[in-house]
Amino acid sequence: MREMIESGVAWIGMIPKDWELKSIKQLMIERTDKNKNLEVKTILSLSAKDGVTLYDGENHSGNKPREDLSDYKIVHPNDIVVNSMNILSGSVGLSKYLGVVSPVYYIYYPRANGNVEYFHYIFQSFEFQRSLRGLGNGILIKETESGGLNTIRMRIPSKKLGMQAFPVCQREEQDRIVDALDSKIKKVELLIKNQETQIEKLKQYKQSFITETVTKGLDPNAPMKDSKIESIGKIPAHWTLKRAKYVATSLVKGNGITKEEVIEDGDIQCVRYGEIYSKYDCAFVSAFSKTNKEILSSPQYISYGDILFAGTGELVEEIGKNIVYLGTEPCLAGGDIVVMSHEQNPEYLNYALYGTCSQTQKSKGKAKLKVVHISATEIGNVIVALPPLDEQEEIAAYINKKCEHINRLIAIKKKKIELLGKYKRSVIYEYVTGKKEVV
């Protein structure tokens, strides 16, 4: 058992007696070379999830790079790249590429006898990232229930970051720590990837199950007829086909609610279009957000059973995602939401409009642009298969039960991913502070 001493740095705690503390500036050199002569054409991207990657304009949801790359910074292979605005939420990575990055990024490479991968692991430490709170200029978002941090826009000045202390051991031990962490982290990430793959398969199964049920019904022996709609196929002979605009009693747009108008202790609940993708599954009884009624000049109220469609999205295959309101308390719909009132079974109709049979119609002809829009008119033209009301109720109850089981399985796998993430962070912390020794 090695002798431990107090480091004097809160996030580091105890370190081995033969270790020392050094500032980032003492351990690494900041690379500030600009791409003045435009000799480097490759643009790099950085995210907390994927680290440093080649910029992909089609699938990239971040800020679009400038056309003039002369002010961009040059990154070399084995440089550590740090986003000065998002390091608190984990936006740091080790580059494998020669390329350029935005001027808001900091780039570091080690001084003599330093293992860059060891320093990169310290940068990845959640405890180190959390210790930087208070150093930046900007707005700090509060910590999540799971112990993570929401997206935080706080620019930490290079000078302040360079003064932060790292725990440092001899180069030979740095190498051993990197080897040990590489092996352990690789196994953890494979486990996480496996859980993510299973979640995606469950989501796909859920989508196909809903689609099958809202087009074929529950009776496998029912006489069938051709709908003549490719995405719907055959349907029970006693069902009807209708465009959504003829099913709706009204089809209207919500009124804009900005981020600034979302108030934690507001007097009325509200839904913004982006939340339809990020916060809700298929149905909701109460909303995640609130606002104040007096803020809005002409509020758009929704009622029990109304179906809400997101009018804007980033993925063509998800455009017009819909959810159904099953609550009774007053609720408002924000802008870029299409609200559909009707006299059908709310859950059945929502599932019918949610299935691939309808999603294919919503996305038909949509270009693969960064932002995709769908209008109330286009939603109104979606054709759905409608059984009698009593059958709609039976089908909705059946789908609900099946989806509850699928959602439970997804929740279990998400919890496993959360626990694996916590384990990964703890292993990194214990090794880079010397609390766990490589033997």
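In this text, all values refer to a predicted model and were calculated from it rather than measured experimentally.

Criteria and cut-off values
- Residues numbered from 1 in each chain as written.
- Predicted model: local features only at pLDDT ≥ 70, side-chain atom pairs only at ≥ 80, totals over all residues.
- Heavy atoms only, no water.
- Disulfide = S-S within 2.5 Å.
- Buried < 20%, exposed > 50% of the residue type's maximum accessible area, 1.4 Å probe, protein only.
- Helix = DSSP H or I, 4+ residues; strand = E, 2+ residues; numbered from the N terminus.
- Salt bridge = Lys/Arg side-chain N within 4 Å of Asp/Glu carboxyl O.
- 1 Å grid on protein atoms, 1.4 Å probe; cavity = no way out; pocket = protein on both sides within 12 Å on 5 of 7 lines; lining within 4 Å.
- Points joined across faces, edges and corners; volume = space filled by probe spheres on them.
- Contact = heavy atoms within 4.5 Å.

A. Up close: the state of the cysteines. Per the counting criterion, the structure on display carries zero disulfides. Of all cysteine sulfurs, the one in Cys403 lies closest to Cys282, which takes part in no disulfide; the gap is 5.9 Å. Cys357 forms no disulfide, and the closest cysteine sulfur to it belongs to Cys282, at a distance of 12 Å. Of the residues examined, Cys357 reaches a relative accessible area of 4% and is grouped as buried.

B. Structural context of unusual backbone geometry. In this structure, Asn78 takes a positive phi of about 70 degrees despite not being glycine. Summarising the element assignment, Asn78 is placed in the loop between β7 (73–75) and β8 (80–83). In this structure, Lys228 takes a positive phi of about 65 degrees despite not being glycine. Position of Lys228 among the secondary structure elements: in the loop between β15 (224–226) and β16 (234–236).

C. Main features of the pattern of salt bridges. Inspection of every chain in the model, using the stated rule, returns 13 salt bridges. For Lys17, the salt bridge goes to Glu3, with nearest N and O atoms at 3.8 Å. Placement of the pair is Lys17 in the loop between β2 (14–16) and β3 (20–23) and Glu3 in the segment before β1 (4–6), with a sequence separation of 14 residues. The shortest N-O distance in the salt bridge between Asp79 and Arg31 comes to 2.7 Å. Taken together, the residues span a long stretch of sequence, with Asp79 in the loop between β7 and β8 and Arg31 in the loop between β4 (28–30) and β5 (44–47) at a distance of 48 residues. Neither residue differs from the other here; Asp79 and Arg31 are each classed as buried. What you see here is one network of salt bridges that share partners, running through Arg2, Glu173 and Glu437.

D. Structural context of empty space enclosed by the protein. Counted by the stated rule, this structure contains one cavity of 30 Å³ or more. Taken as a whole, the largest cavity spans an internal volume of roughly 40 Å³. Every element with two or more residues in the lining of the largest cavity is listed here: α5 (171–216), α9 (356–363) and β29 (383–386). No other element matches the three residues that β29 contributes to the lining of the largest cavity.

E. Looking closely at the environment of Ile122. Of note, Ile122 is situated in helix α2 (residues 116–124). Remark: the alpha-carbon pair of Ile122 and Tyr429, spanning 307 residues in sequence, is separated by 7.5 Å. Beyond its immediate stretch of four places on either side in the chain, Ile122 contacts Trp11, Phe128, Phe166, Pro167 and Val432.

So, to be careful, I would describe these as geometric facts and stop short of saying anything about function.
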